[in-house]
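Listed below are the residues making up each chain.
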Amino acid sequence: MALQYRSLTTARLTLHPTTGAVRAALVLLLAVGAASASLPQAALAAESSPAANVRDYNIAAGSLRGALASFAIAAGVNLSTQGEALDGLATPGLQGRHGVSAGLQKLLQGSGLEVLENGNGNYLLRKSHVSAADGGLDSMPAVIVSAEADRATEGTGLYTSRNMSTATGLNLSQRHTPQTVSVISRQQMEDFDLTTLQDVARATPGLYGKTQGVSDQETTYFARGFALSHVNVDGLPLDVTGFNERNVSADMLMYDRVEVVRGATGLMEGAGAPSGSINMIRKRPTATPLLNASAHLGSWKERQLTVDASNALNDSGSLRGRVAASWRDSDSFVDVVNNTNGTVYAIVEADLTPSTTAGIGFSRQHSRTDGVFVGLPTLPDGRHRDLPRSTFLNNADSFQKRDNNVVFADLETRLDKGWRSRFAITHIDASSSTRNTTNSRVDGEMYLLEQSETGWKYNTRQVVADWRLSGPVTWFGRQHDVIVGASYRHDDSDAGQSWEGAKTRVFDLRQWNPRAYPMRGAPFEPYNWGRKTDEKGLYVAGNFSLADPLRLVLGGRFGWYAQDVTGWYSTSPTWRRSLTENAKFTPYAGIVYDVDQHHSLYASGTQIFQPQSVLDVRGNTLPPLNGTNLEVGVKGEYFGGRLNAGGALFRIKQNNRAMADEVNCPTGGAIYCARAAGQVQSEGVDLQLSGSPLPGWQIAGGYTYVLAKYTNDSVAANIGQRIATDEPKQLFKLYTTVQLSGSLARWNLGASVYAQDKIYRRDQAFLTQQGGYAIVGLTAGYRLSEQLQLRVSVDNVLDRRYYQGLGYSWSGGLERYGAPRSVLVSLNYKM
């Protein structure tokens with residue numbers, strides 16, 4: 001679908017109040033004084049008038065809002081509402097062949113609304129008989145149903161998106177992507193207050209997060225039995241391995257949606273584990289006024305304010321800006337703990353020519369935790385102590401600070417015959433500093449713990465760039481889509497001990513006072529660590545139409561990978577090359593067969609590699625881990641892409657895992673060496689549903705079964721055993737809302753369910769476990785006006801007591817309760 005050049009030259013615009021605010025904020029935040037200078041006005045002559053396009057429509061009677069969204073996607077137009085209430089309005093539907101104007105008039109029959117064409121494929125809905133003087137282009141609102149709604153989810157009201165490109169780089173529908181893919185839309189984030197990446201991962205089918213770092217702000221994400229190696233932003237992968245999980249944070253205020261692929265994603269990401277990919281897609285500026293603001297009050301003194309504003313910055317609309325900011329302060333259900341978070345996001349987008357658009361922006365996130373909670377101890381045999389959920393056994397002086405600064409830019413050029421070139425680059429500078437206490441067991445004691453004090457700092461500087469060229473080709477009388485691209489990633493990360501306590505202490509947990517012992521530092525010999533990674537890649541992929549119902553998705557990537565490390569050192573680092581891979585080839589293949597208008601069968605084989613640093617008997621690095629994801633499934637797409645469903649069977653094998661070489665390096669000998677002979681296998685079922693099955697009803701959820709086990713290992717007893725018993729085999733997630741109608745049309749009701757089966761951790765005489773459980777949430781929204789909504793949400797309604805993180809036999813901490821029942825009240829304004 002071709003992008004339209006948005007230059008509104010048919011009228012001089014009186015600048016909307018948001019324009020001045022957005023301009024001022026961008027000047028202040030971006031420090032680009034020339035940004036407000038007018039660009040030359042230009043207009044792109046459309047190849048054909050959208051109003052003249054006649055096509056077949058099959059839109060059922062029902063919700064007017066949903067019908068208009070489906071129509072805009074199918075017709076390829078921009079459709080804006082002037083603030084008139086659409087909730088509760090119905091349409092007789094639309095069947096047969098119609099032009100745009102005629103089709104809209106049919107859909108609006110009996111609604112009291114009419115449509116005004118503003119040129120360039122832009123249409124304005126307003127009350128019948130409203131003159132242009134009372135509202136026209138100047139008052140078009142923020143809620144936009146766009147021809148790009150199959151990608152952007154903002155304003156659609158849906159829990160799905162039609163198209164996505166995370167898996168292959170190609171712009172494919174979910175149905176025609178030969179892997180399991182999910183999307184968490186803007187609407188779902190707002191309805192269920194999904195404000196962090198942790199929240200989004202908890203809502204995404206097949207994803208599981210472990211939070212067992214220094215604080216509960218640190219989470220490692222797993223899919224299909226393996227940890228994710230990257231978190232992508234606009235398709236650019238940021239490393240989250242090692243210490244970097246502490247530094248790559250995400251406030252969802254900045255993002256339109258989160259796309260998730262499960263299984264190996266080596267085609268687009270390069271090196272990593274065969275787990276999957278998270279891709280956060282940033283919000284972009286709008287050419288029409290947008291203003292969203294919210295205030296939240298919740299349990300444990302939670303307070304949050306957000307604002308998000310966007311508009312054209314010149315008369316033509318060829319220069320656009322967007323700024324967003326949030327502030328949050330909250331205590332915790334755990335005593336002492338307090339979290340504060342602040343985020344600023346700004347972006348400017350300019351149409352440099354009728355076919356070229358540039359964007360530049362930045363984000364800054366700062367968070368601080370006072371009272372770092374490192375978890376609770378189990379009994380020595382692993383049984384839970386059943387302490388109060390508010391118990392805090394660390395020091396009140398402890399803290400963690402996190403800063404995340406990102407600058408990004410992109411340049412997109414729309415070429416002839418539907419081709420498109422896009423270059424994007426992101427620079428991230430992130431750091432964290434922590435001063436905390438850790439508790440250890442005292443042998444033979446039930447209630448005594450030994451506490452020590454320490455402080456660490458972590459930094460990462462990453463540059464990621466990607467260029468891609470995509471478009472259609474005609475071969476053998478059929479049209480196909482292809483993409484070629486090149487990527488570069490540089491990661492410079494370090495860690496170091498920055499503080500050490502003066503002494504350790506032994507205390508009785510039954511009498512602990514977190515403010516009794518102020519933390520006092522002492523001289524120490526620090527530990528430091530460094531890592532530098534460079535990765536380059538060339539990739540190509542195609543969606544080839546072999547026959548009307550049959551498509552072949554084929555691609556490959558050549559990757560170059562180099563990593564230098566220091567190991568742990570005290571003063572002067574000694575860098576050494578630890579990993580090198582040259583021209584490593586990663587294939588991708590999938591086939592999709594359309595059974596009928598709504599259903600497709602697919603099969604795929606995808607790969608990814610992961611370098612490893614273990615040496616063989618000759619001193620050479622072992623070959624990289626090789627992960628292969630084999631998958632077969634069926635997908636359905638209904639109501640013009642408003643509802644997507646899928647089911648898959650998958651098997652992942654990871655080969656070349658290091659195994660002890662007992663022949664050449666027997667246990668207890670002078671040296672250790674390994675051979676690349678280990679293998680693990682993960683297999684299971686992935687089911688999901690997302691979108692709108694009926695007018696006014698949104699649903700997103702899924703069920704996942706994963707069994708990941710050793711199939712070959714140097715420890716014979718491991719063979720056939722699960723890789724990680726502290727990850728659930730079964731996950732069920734469901735999020736749904738219903739927009740009521742008639743006299744109750746102002747109400748929106750919703751519910752969520754998160755369920756998992758048993759997890760446990762065993763170590764000789766130690767066994768700790770958490771049985772299966774389900775957490776239920778409820779939400780209700782009441783629309784005070786078309787722009788203002790009051791919402792009340794209750795999480796863990798039944799106040800289920802459970803452990804989300806398990807302890808270890810050697811630790812006096814790390815066990816964590818899940819959050820008790822909580823209430824959140826929010827007031828949301830949308831202009």
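A. Local environment of helix H3 (residues 100-107). Those residues of H3 that fall on the buried side of the exposure criterion are Val100, Gly103, Leu104 and Leu107. Buried residues of H3, seen end-on, are gathered within an arc of 100 degrees and therefore sit on one face of the element.

B. A look at the pairing of strand S18 (residues 276-282). For S18, a buried count of 7 out of 7 residues is recorded, marking the element as mostly surrounded by other parts of the structure. The side-chain alternation of S18 yields two buried faces, one formed by Gly276, Ile278, Met280 and Arg282 and the other by Ser277, Asn279 and Ile281. For strand S15 (residues 230-233) and S18, the ladder comprises 3 bridges, and the chain directions are parallel. Paired with valine 231 across the bridge in S18 is isoleucine 278. In terms of strand pairing, strand S17 (residues 255-262) meets S18 through 7 bridges, oriented antiparallel. Within S18, the residue paired with valine 260 across the bridge is isoleucine 278.

C. Representation of the sheet that holds strand S14 (residues 226-227). Here we have 3 strands laid out as an open sheet, ordered S12-S13-S14, and antiparallel in their pairing. Across the chains shown, the open sheet's two edge strands, defined by having one partner strand only, are strand S12 (207-210) and S14. The pairing of strand S13 (residues 220-223) with S14 spans 2 bridges and is classified as antiparallel. Looking across to S14, one finds that phenylalanine 222 is bridged to alanine 227.

D. Structural view of the nonpolar core. Within the largest apolar cluster, 39 residues are counted, with the highest numbers of intra-cluster contacts made by Leu197, Met252, Val258, Ile278 and Met280. Sort the elements by how many residues they give to this core and helix H5 (residues 197-203) lands first, with 4 residues. Excluding its chain neighbours within four sequence positions, the residues that come into contact with leucine 197 are Tyr221, Val231, Ala250, Met252, Ile278 and Met280.

E. Looking closely at the side chain of glutamate 218. On the secondary structure map, glutamate 218 appears in the loop between S12 and S13. Reaching out from glutamate 218, the side chain makes a polar contact with the side chain of glutamine 400 at a distance of 2.8 Å.

F. Looking closely at the pattern of salt bridges. Under the criterion given, the structure shown has 39 salt bridges. With a closest N to O distance of 2.9 Å, arginine 531 and aspartate 239 form a salt bridge. Of this pair, arginine 531 sits in strand S29 (residues 528-547) while aspartate 239 sits in strand S16 (residues 236-239); the two residues are 292 residues apart in sequence, bridging distant segments of the chain. Take arginine 531: its relative accessible area is 10%, and that puts it in the buried class. Accessibility expressed as a relative area gives 5% for aspartate 239, which makes it buried.

G. Representation of the environment of aspartate 335 within the structure. Within the secondary structure, aspartate 335 is located in the loop between strand S21 (319-331) and strand S22 (338-353). Relative accessible area serves as the criterion here: at 43%, aspartate 335 is assigned to the partly exposed category. Between the C-alpha atom of aspartate 335 and that of glycine 371, which follows or precedes it by 36 residues, the distance is 8.5 Å. The contact partners of aspartate 335, leaving out residues within four places of it in the chain, are Ser390 and Phe392.

Rules used in this analysis
Residues numbered from 1 in each chain as written. Predicted model: local features only at pLDDT ≥ 70, side-chain atom pairs only at ≥ 80, totals over all residues. Heavy atoms only, no water. Buried < 20%, exposed > 50% of the residue type's maximum accessible area, 1.4 Å probe, protein only. Helix = DSSP H or I, 4+ residues; strand = E, 2+ residues; numbered from the N terminus. Arc of directions from axis to C-beta. Pairing = 2+ DSSP bridges. Core = buried A, V, L, I, M, F, W, Y, C linked by side-chain atoms within 4.5 Å. Contact = heavy atoms within 4.5 Å. Polar contact = N/O pair within 3.5 Å; in protein donor to acceptor, adjacent residues only side chain to side chain. Salt bridge = Lys/Arg side-chain N within 4 Å of Asp/Glu carboxyl O.

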